[in-house]
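# Breakdown of the fold
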Amino acid sequence: MDLLSDPDNLDLYLTGFSWILRLTGAGALGALVLGVILAGFRVSPIPVLRGFGAAWVNIFRNTPLTLIIFFCYFGLFSTLGLSLAEEIDLNNFWLGVVGLSVYTAAFVCEAIRSGINTVPAGQAEAARAIGLSFFQVLRMIVLPQAGRAVIAPLGSIFIALAKNSTIVGTIGLAESSNAMKTLINDYGSQTILIFLIFAGTFAAVLIPTGYLFGWLANRLAVKR
Amino acid sequence: MSTDAVLYDHPGPRAKIRNLVLTVVFGAGLLALLYWIYLKFDEKNQWAAELWKPFLEANTWVNFIIPGLQQTLSAALVAMVLSLTFGLIFAVGRLSDHWWIRLPAGAVVEFFRAVPLLMMIFFLFFGLPYINGGVPVPAFWAVVIGLTLYNGSVLAEAFRAGVRSVPAGQGEAAYGIGMRKNQVMRYILIPQAARAMLPVIVSQLVVLVKDTALGYIVAFPELMQRGVNDLGANRANIVAAALVAAAIYIFINFLLTSLAGFIERRTRRRGIRVPRNAVNPVHTAAQNVAMPAGMGGGGGATGA
């Protein structure tokens with residue numbers, strides 16, 4: 001671990017992963033909010049809303065994230081002049097968050113929608129029978145049960161989001177994959193060690209997280 | 001179970017009026033938003049004819065988009081074949097009776113699923129030449145090998161979950177008529193697992209096609225690189241180029257998904273089915289085994 005005893009390199013490593021953490025956190029929040037709204041749209045009685053949700057999912061789920069992030073920078077920022085922050089790093093960060101949220105929301109929406117399908121029809125029928133409106137049925141009866149059913153898929157989506165946040169490096173944010181590339185360029189002889197440090201950090205964090213989500217999903221599952 | 005019937009009743013007169021009002025309000029809002037986007041684009045002159053005219057010229061297609069598309073498709077095809085093979089081998093490896101096969105196979109699968117694909121491609125492209133005596137790694141192979149290791153690991157988990165979801169009686173009956181483990185796997189379990197897991201497999205292949213766009217980062221001349229970056233730089237029409245490229249990606253993935261739907265309809269016979277109320281076949285089948293730690297650019301949420 002000589003490599004990381006150089007404070008500059010350590011700084012590169014830590015800054016990289018702190019960007020990844022922040023991207024994942026902000027992206028997950030944005031994707032969750034957007035995704036729940038979209039899922040609500042997709043099961044609503046109004047065709048225009050359903051169509052909007054379906055179009056969102058089909059467009060963003062089938063477009064490469066790289067292209068979306070690229071568009072956020074060169075399209076929204078450079079060409080159309082949308083600026084989200086004064087500082088260049090922060091601006092790239094927020095552009096990345098927009099891209100990640102918009103993309104991941106499509107997957108969150110589909111996960112929640114398939115979760116809604118696991119709720120037995122009787123639950124919603126009973127709720128309607130006691131006079132709850134569509135919105136109340138969704139909010140009080142269906143979504144809480146659907147939410148517990150989709151913990152495992154949501155976990156996978158957020159884990160994928162953490163890995164995907166490296167793609168924001170494409171638009172110049174010094175996140176961990178960029179840091180790794182810089183270190184490989186500077187210390188070619190230690191390239192395997194560098195890869196193991198960076199990839200190992202991801203593996204060490206994400207593999208237990210995956211098991212944690214699996215455990216949570218089992219624990220919180222609605223037993224029927 | 002169709003969600004439409006569950007969450008709301010057939011609309012009565014009041015609900016019909018309310019739905020109509022909401023339709024009009026949301027529709028108007030949506031149109032306003034689209035018009036606002038149109039105006040913003042217009043303000044920056046993004047609708048100018050010279051930005052879109054390149055797409056009417058043969059030159060653009062012959063020199064930029066079609067060669068890029070060819071590279072994208074060839075990388076995707078090679079990676080698909082390799083990662084399906086990789087997935088099968090490692091799924092069987094993880095189900096092996098011998099711990100010295102099971103554990104390493106499990107470690108490989110877990111590791112490659114957890115590492116960002118971009119890092120793998122960077123390592124293969126920038127890092128490997130330092131160890132193999134300076135022989136450069138072609139961008140094509142850096143991308144294809146990265147895609148194979150990553151998607152192959154995800155597919156291995158899908159196959160494994162599929163094999164576990166085949167009713168135990170199937171395997172027992174096969175052993176009962178004297179098949180070996182190898183034969184049981186090949187003739188009985190894997191074919192059924194593959195069919196049960198078809199939705200997961202296809203969504204992973206869609207992920208694979210999309211992830212070829214990462215090749216742009218190591219200057220592999222695929223669709224992103226040629227059709228968006230190079231073309232956009234030449235003609236200063238990034239927005240237009242990105243929209244056209246996105247449309248092409250969406251079209252390819254739409255074809256892939258439709259093909260899967262077609263195959264599924266054709267092969268629909270009596271056999272094991274993943275229960276209707278399963279959220280996602282991989283997760284439900286694999287939940288008690290091991291939670292899939294990750295999936296491709298977000299490919300887990302299969303079209304349910």
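Residues numbered from 1 in each chain as written. Chains lettered and ligands numbered in written order. Predicted model: local features only at pLDDT ≥ 70, side-chain atom pairs only at ≥ 80, totals over all residues. Heavy atoms only, no water.

Just so we agree on the cut-off: UniProt positions are given in the numbering used here, feature names are shortened, and annotations may be inferred rather than shown by experiment.
In the annotation of an unreviewed UniProt entry, chain B is listed under the name Glutamate transport system permease protein and assigned to Catenuloplanes niger. What UniProt states about chain B under its Sequence similarities (unreviewed entry) heading is, verbatim, "Belongs to the binding-protein-dependent transport system permease family." Recorded in UniProt for chain B, the comment headed Subcellular location (unreviewed entry) runs: "Cell membrane".

By the naming in an unreviewed UniProt entry, chain A is Glutamate transport system permease protein, taken from Catenuloplanes niger. Turning to chain A, the UniProt annotation filed under Sequence similarities (unreviewed entry) states: "Belongs to the binding-protein-dependent transport system permease family. HisMQ subfamily." UniProt, in its Subcellular location (unreviewed entry) section for chain A, records the words "Cell membrane".

## A closer look at the overall build of chain B
The following threshold applies: Under the scheme used here, helices are H or I runs from DSSP no shorter than 4 residues and strands are E runs no shorter than 2 residues, and both carry numbers assigned from the N terminus. Whether a residue is buried, partly exposed or exposed follows from its accessible area with a 1.4 Å probe, protein chains only, as a fraction of its type maximum: under 20%, in between, or over 50%, in that order. We call two residues contacting when some pair of their heavy atoms lies within 4.5 Å. Every accessible area reported is derived by Shrake-Rupley at a probe size of 1.4 Å, with residue values counting cover from the shown protein chains alone.
Scanning chain B from terminus to terminus reveals 13 helices and 0 strands. Moving toward the C terminus, one meets the helices and strands of chain B in the order α-α-α-α-α-α-α-α-α-α-α-α-α. Evaluated residue by residue, chain B yields a buried proportion of 50% over its 304 residues. In chain B, the share of contacts with a sequence separation of at least 24, taken over all contacts with a separation of at least 6, comes to 74%. About 14,800 Å² of surface is accessible on chain B, with carbon and sulfur atoms providing 66% of the total.

## Re the packing of helix H4 (residues 65-79) of chain A against helix H11 (residues 223-235) of chain B
For any two helices packed against each other, the geometry comes down to the angle between their axes and how far apart the axes lie. What counts, and what does not: Helix axes are fitted to C-alpha atoms over the stretch in contact, other axes to C-alpha atoms as well, and angles between N-to-C directions run from 0 to 180 degrees. Here roughly perpendicular refers to angles of 65 to 115 degrees, roughly parallel to angles under 35, roughly antiparallel to angles over 145, and oblique to all remaining angles. Two helices crossing with the near one rotated counterclockwise from the far one by less than a right angle form a left-handed crossing, whereas a clockwise rotation gives a right-handed crossing.
Running from amino to carboxyl end, H4(A) crosses H11(B) at an angle of 15°, the nearest separation of the two axes being 11 Å. Considering their axes alone, H4(A) and H11(B) lie roughly parallel with respect to each other. Read as a crossing pair, H4(A) and H11(B) show a hand that is right-handed. Packed against H4(A), whose contacting residues are Thr66(A), Leu67(A) and Phe70(A), the element H11(B) presents Met224(B), Val228(B) and Asn229(B) at the interface.

## A look at helix H8 (residues 151-164) of chain A
Which entries qualify depends on this criterion: For a helix, the expected span equals 1.5 Å multiplied by the residue count minus one.
The terminal C-alpha atoms of H8(A), which comprises 14 residues, lie 19 Å apart, in line with the 20 Å expected from a rise of 1.5 Å per residue. Here H8(A) lies mainly inside the structure; 14 of its 14 residues are buried.

## Some points on the pattern of salt bridges
Two side chains of opposite charge can pair, provided their charged atoms sit close to one another. Residues and elements named next belong to chain B. The criterion, for reference: In the sections that follow, a salt bridge refers to a side-chain nitrogen of Lys or Arg positioned within 4 Å of a carboxyl oxygen of Asp or Glu.
Tallied over the full model, the rule gives 10 salt bridges over all chains. Of the charged contacts, one joins Glu43 and Lys40 as a salt bridge, the two residues approaching to 3.7 Å between their closest N and O atoms. Of this pair, Glu43 and Lys40 are both found in helix H2 (residues 13-43), 3 residues apart, which corresponds to roughly one turn of the helix. Salt bridges sharing partners connect three or more residues here, namely Arg94, Glu110, Arg113, Glu157 and Arg160.

## Section: the interface of chain A and chain B
So the rule is basically this: As a working definition, buried area equals the accessible area (1.4 Å probe) given up by two parts on being put together, with both sides summed. Throughout this description, a polar contact denotes any pair of N or O atoms lying within 3.5 Å of each other; where both atoms belong to protein, one of them has to be capable of donating a hydrogen while the other can accept it, and for residues adjacent in sequence the pair is counted only when both atoms sit in side chains.
Between chain A and chain B, the contact holds 77 residues from the first and 71 residues from the second. Both sides together, the interface formed by chain A and chain B hides about 6,500 Å², and carbon and sulfur atoms give 73% of it. Applying the counting rule to chain A against chain B returns 0 salt bridges. At the boundary of chain A and chain B, one finds 6 residue pairs in polar contact (both at pLDDT 80 or more).

## Considering the packing of aromatic side chains
The condition is simple: Classification of ring pairs rests on two measures: the distance between centres of Phe, Tyr or Trp rings, Trp counted by its six-membered ring, which must be within 6.5 Å, and the angle between planes, read as stacked under 30 degrees, edge-to-face over 60 and tilted in between.
The final tally for this structure, using the stated rule, is 29 aromatic pairs over all chains. With a centroid separation of 5.2 Å and an interplanar angle of 50°, the aromatic rings of Phe17(A) and Phe202(A) are classed as tilted. One end of the pair, Phe17(A), is in helix H2 (residues 7-42); the other, Phe202(A), is in helix H10 (residues 191-220), with 185 residues separating them in the sequence. In terms of burial, Phe17(A) and Phe202(A) fall into one category: buried. Ring geometry for Phe111(B) versus Phe112(B): centroids 5.3 Å apart, planes at 75°, classification edge-to-face. Take Phe111(B): its relative accessible area is 21%, and that puts it in the partly exposed class.

## A closer look at the UniProt feature "transmembrane region" (unreviewed entry) in chain A
All names here are of chain A. In the numbering used here, UniProt assigns the feature "transmembrane region" (unreviewed entry) to residues 20-44, 65-85, 91-109, 149-172 and 192-217. Its end C-alpha atoms 35 Å apart, residues 20-44 is made of 92% helix and 0% strand. The annotated region residues 192-217 carries 100% helix and 0% strand content, and the separation between its end C-alpha atoms amounts to 36 Å.

## Focus on unusual backbone geometry
Even without glycine at this site, Ala219(B) takes up a positive phi of about 60°. The residue Ala219(B) is located in the loop between helix H10 (198-211) and H11 in this model.

## Overview of the environment of Phe26(B)
Structurally, Phe26(B) is set in helix H2. For Phe26(B), a relative accessible area of 21% puts it in the partly exposed group. In this view, Phe26(B) contacts Phe41(A), Val48(A), Leu49(A) and Phe52(A); residues no more than four positions away in its chain are not counted.

## Some words on the UniProt feature "transmembrane region" (unreviewed entry) in chain B
According to UniProt, the "transmembrane region" (unreviewed entry) feature falls on residues 20-38, 73-93, 114-131, 137-156, 196-218 and 238-263 of chain B. A distance of 36 Å separates the end C-alpha atoms of residues 196-218 of chain B, which is 65% helix and 0% strand.

## Points about the nonpolar core
Rules: The criterion is simple. A nonpolar core is a set of buried Ala, Val, Leu, Ile, Met, Phe, Trp, Tyr and Cys residues joined through side-chain atoms within 4.5 Å.
In terms of nonpolar packing, the biggest core is built from 138 residues, with Met180(A) and Phe198(A) touching the most fellow members. When residues in this core are grouped by element, the largest group, 14 residues, is from helix H5 (residues 88-118) of chain A.

## Some points on the packing of H5(A) against helix H7 (residues 134-149) of chain A
All names here are of chain A. Let me state the cut-off plainly: Three classes are used: nonpolar for Ala, Val, Leu, Ile, Met, Phe, Trp, Tyr, Cys and Pro, charged for Asp, Glu, Lys and Arg, and polar for all others, with Gly counted as polar.
Where H5 meets H7, the closest approach of the two axes is 8 Å, and the angle between their N-to-C directions is 105°. As summarised for this structure, H5 and H7 are arranged roughly perpendicular, according to the angle between their axes. Within the contact between the two elements, H5 uses Ile112, Gly115, Ile116 and Thr118 and H7 uses Leu138, Val142, Leu143, Ala146 and Ala149. Within the contact of H5 with H7, the residues separate by chemical class into 7 nonpolar, 2 polar and no charged.

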